Amino acid sequence: MRICIIAEGCYPYVVGGVSSWTHSLIKSFPNQEFVILAIVANRSLRGKYVYDLPDNVTEIHELYLDDVDWERERQRKTRMNRKEYDALRKLLLGQETQWEILFDFFQKKEISMNDMLMGEDFFRGVTEFYKLNYSQLAFSDFLWMMRSIYLTLFTTMKMKIPKADIYHCVCTGYAGVLGSMAKHIHGGRLVISEHGIYTREREEELLTAKWVQGIYKTIWMEQFRKMSNLAYARADLVTSLYQQARELQIEVGCPPEKTRVVSNGIRIEEFQDIPGKLEEDQGKINIGAMLRVTPIKDIMTMIQAFGFAKEKEPSLKLWIMGSWEEDEEYAKSCFELVRIMGVSDVVFTGKIAAREYYGRMDMTLLTSISEGQPLTILESFAAKKPVIATDVGNCRGLILGEKDDFGAAGIVTRIMNVQEIQQAIVSLAHNTQLRLQMGENGYKRVKTGYQFQYMQDEYKKIYQDFAESMELKWEEESKAAGSREG
């Protein structure tokens, strides 16, 4: 069976939870053929994979959202017919859109992006939208903003999609548009696995974004909702990682009957008999932060909280373990903050093998402002380490428990709350027995409900059910790999 994974801004270019999940999923089904359709910013990332692709990945197709220097394209007059323009108009106005008409238009005709965005059809539709809703704004600014929004969407709809039996999107957004279009063009089945709710994540980003201001943030948010609603409507199945996320999917427009919770899972046996503390660790209370150094992880707050905690407990040492290449400017700001605060015992390791470090830690720390169901928390539990994490995504459910009475496996704090985070660090640092008990609680929790085999079995059933519905042969798997890498 041929499965096309459609990923936006992650696998196989960036190390992280979603990428690790995708990599493990592919490795879990070595007898199935996988094709990757990767959405990235531009050609500078072409072929720069940070994962060794499994043998059952036969093709990689790349969509570059910022690839078109459309203002310089040669003019090719491609006018829309009445049905095509009506579909475009409804899309612009936020009305019920006949997406399939637009898919056919962009897939079957030679479209010049310059002609499309500078042409009469687009201008007429934008003008109507402007007069109905935003006539208080300067029209020239409004028009160029709309062109920037629809440049990426139209570029997506021009993408030639490989034929597959199942299209598996790891988010909605542009990936969901491609999956919906693929189902229309090639048939097959469409499953979407959301690790975070795409529209909510984009809203959070836009609220703090500097590149877009005022009412234009609202227009961008509405565009992301349109794309997500398209994906929800066309999908055969939409999975989430935990019950609250499923409820959010339904709240933002996903039909309840399409939703299913499939939790993350890890191979806990990989964290058995891991190396313990080294001689250099003696007398230190090690805090591990296994994450990418990016703004979404809020390393700034982490450093500040650690600095204040270290004043109360000098033996503390913070290990920030993960790549900083994704956002080097932010990483430099974090290095500078450590220097300005004069905090000692802060180590930025860069990318490392997680298994070699977890055993050296006394606790782990996650200060993110947005998460889904973090693999780093599950890994900490597998290594019997307590976790301090901000109250985002499923962190509270993992740490305090949702389906068991094992007890707390760490401490939950509010986001960006330096005082609460430093108090949690000091509390665990001063209570060895509490750390050990919380570590045991976490181990019981991950062993009972979050093993990799459980997740693999769920997706095996999903894929098999789709294969059966299409009368396709399913090649049974032997025991597969699927451990987290990167």
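Residues numbered from 1 in each chain as written. Predicted model: local features only at pLDDT ≥ 70, side-chain atom pairs only at ≥ 80, totals over all residues. Heavy atoms only, no water.

Draft legend 1. Inspection of the overall build of the protein at higher detail. Assigned secondary structure in the protein consists of 18 helices and 13 strands. For the protein, the C-alpha radius of gyration of 24 Å lies close to 23 Å, the compact-globule estimate for 486 residues. For the protein, the C-alpha atoms occupy an extent of roughly 75 × 55 × 40 Å along the three principal directions. A total of 486 residues make up the protein; the buried ones form 57% of that total. By sequence separation, contacts in the protein at least 24 residues apart represent 74% of the contacts at least 6 residues apart. Carbon and sulfur atoms make up 48% of the accessible area of the protein, which amounts to about 21000 Å² in all. The protein carries 61 positive and 68 negative side-chain charges, and their two centres are separated by 3 Å. (Helix = DSSP H or I, 4+ residues; strand = E, 2+ residues; numbered from the N terminus. Rg over C-alpha atoms; globule rule 2.2 N^0.38 Å. Buried < 20%, exposed > 50% of the residue type's maximum accessible area, 1.4 Å probe, protein only. Contact = heavy atoms within 4.5 Å. Areas by Shrake-Rupley, 256 points an atom, 1.4 Å probe, with all protein chains shown as cover. Lys, Arg positive; Asp, Glu negative; His and termini not counted. Charge placed at Lys NZ, Arg CZ, Asp CG, Glu CD.)

Draft legend 2. Up close: the pattern of salt bridges. Enumeration according to the criterion identifies 33 salt bridges in this entry. K108 is the salt-bridge partner of D104, the closest N and O atoms lying 3.7 Å from each other. Separated by four residues within a single helix, D104 and K108 lie in helix α3 (residues 99-108), roughly one turn from each other. A relative accessible area of 25% places D104 in the partly exposed class. What makes K108 exposed here is its relative accessible area of 67%. Taken together, the salt bridges that share partners define one network made up of R79, E120, D121 and R124. (Salt bridge = Lys/Arg side-chain N within 4 Å of Asp/Glu carboxyl O.)

Draft legend 3. View of the sheet that holds strand β4 (residues 166-169). Pairing is parallel across the open sheet formed by seven strands, whose spatial order is β3-β2-β1-β4-β5-β6-β7. At either end of the open sheet lies a strand with only one pairing partner, and these are β3 (57-64) and β7 (259-261). When the angles between neighbouring strand axes are averaged without regard to direction, this sheet yields 20 degrees. For β4 and strand β5 (residues 189-193), the ladder comprises four bridges, and the chain directions are parallel. Pairing of Y167 across the sheet is with L190, part of β5. In this fold helix α7 (residues 173-186) packs onto β1 (2-8), β2 (33-40), β3, β4 and β5, with an angle of close to 150 degrees to the strand it touches most, β1. (Pairing = 2+ DSSP bridges. Axes fitted to C-alpha atoms, helices over the stretch in contact; angles between N-to-C directions.)

Draft legend 4. Region of interest: the packing of helix α2 (residues 82-93) against helix α5 (residues 120-133). The geometry of α2 relative to α5 is characterised by a closest axis approach of 9 Å and an angle of 35 degrees between their N-to-C directions. Like other packed secondary-structure pairs, α2 and α5 cross with a definite hand, here right-handed. Of the residues in α5, those touching α2 at Y85, L88, R89, L92 and L93 are D121, F122, R124, G125, V126, E128, F129 and L132. When the residues that make up the contact of α2 with α5 are grouped by side-chain class, the tally is eight nonpolar, one polar and four charged. (Left-handed = near helix turned anticlockwise from the far one by under 90°. Nonpolar A, V, L, I, M, F, W, Y, C, P; charged D, E, K, R; others polar.)

Draft legend 5. Spatial organisation of helix α17 (residues 432-449). Taking 1.5 Å as the rise per residue, α17 with 18 residues should run 26 Å; its terminal C-alpha atoms sit 26 Å apart, in good agreement. Buried within α17 we find R435, M438, G439, N441, G442, Y443, R445 and V446. (Expected span 1.5 Å × (residues − 1).)

Draft legend 6. Quick look at a nonpolar patch on the surface. Where nonpolar side chains cluster on the molecular surface, the patch consists of I369, I415 and M416 and spans about 260 Å² of accessible area. With respect to the element layout, I415 can be found in the loop between β13 (410-413) and α16 (418-429). Residue class for I415 comes out partly exposed when judged on its relative accessible area of 39%. (Patch = residues over 30% accessible without salt bridge, like charges linked within 9 Å, V, L, I, M, F, W, Y side chains within 5 Å.)

Draft legend 7. Local environment of the nonpolar core. The biggest cluster of nonpolar side chains holds 72 residues, and the ones touching the most others in it are I6, F142, M146, Y150, F154, M157 and L178. Residue contacts for F154: discarding those within four places in its chain leaves L88, F106, M113, M116, L117 and F122. The next biggest cluster of nonpolar side chains, apart from the first, holds 63 residues, and it includes I299, I320, L378 and C395. (Core = buried A, V, L, I, M, F, W, Y, C linked by side-chain atoms within 4.5 Å.)

Draft legend 8. Here's a closer look at the layout of surface pockets. Taken as a whole, the second largest pocket spans an internal volume of roughly 360 Å³. Forming the walls of the second largest pocket are 14 residues, and the residues nearest its centre are Y13, V50, S323, E325 and E326. Partitioned by chemical class, the residues of the lining of the second largest pocket number six nonpolar, three polar and five charged. (1 Å grid on protein atoms, 1.4 Å probe; cavity = no way out; pocket = protein on both sides within 12 Å on 5 of 7 lines; lining within 4 Å. Points joined across faces, edges and corners; volume = space filled by probe spheres on them.)

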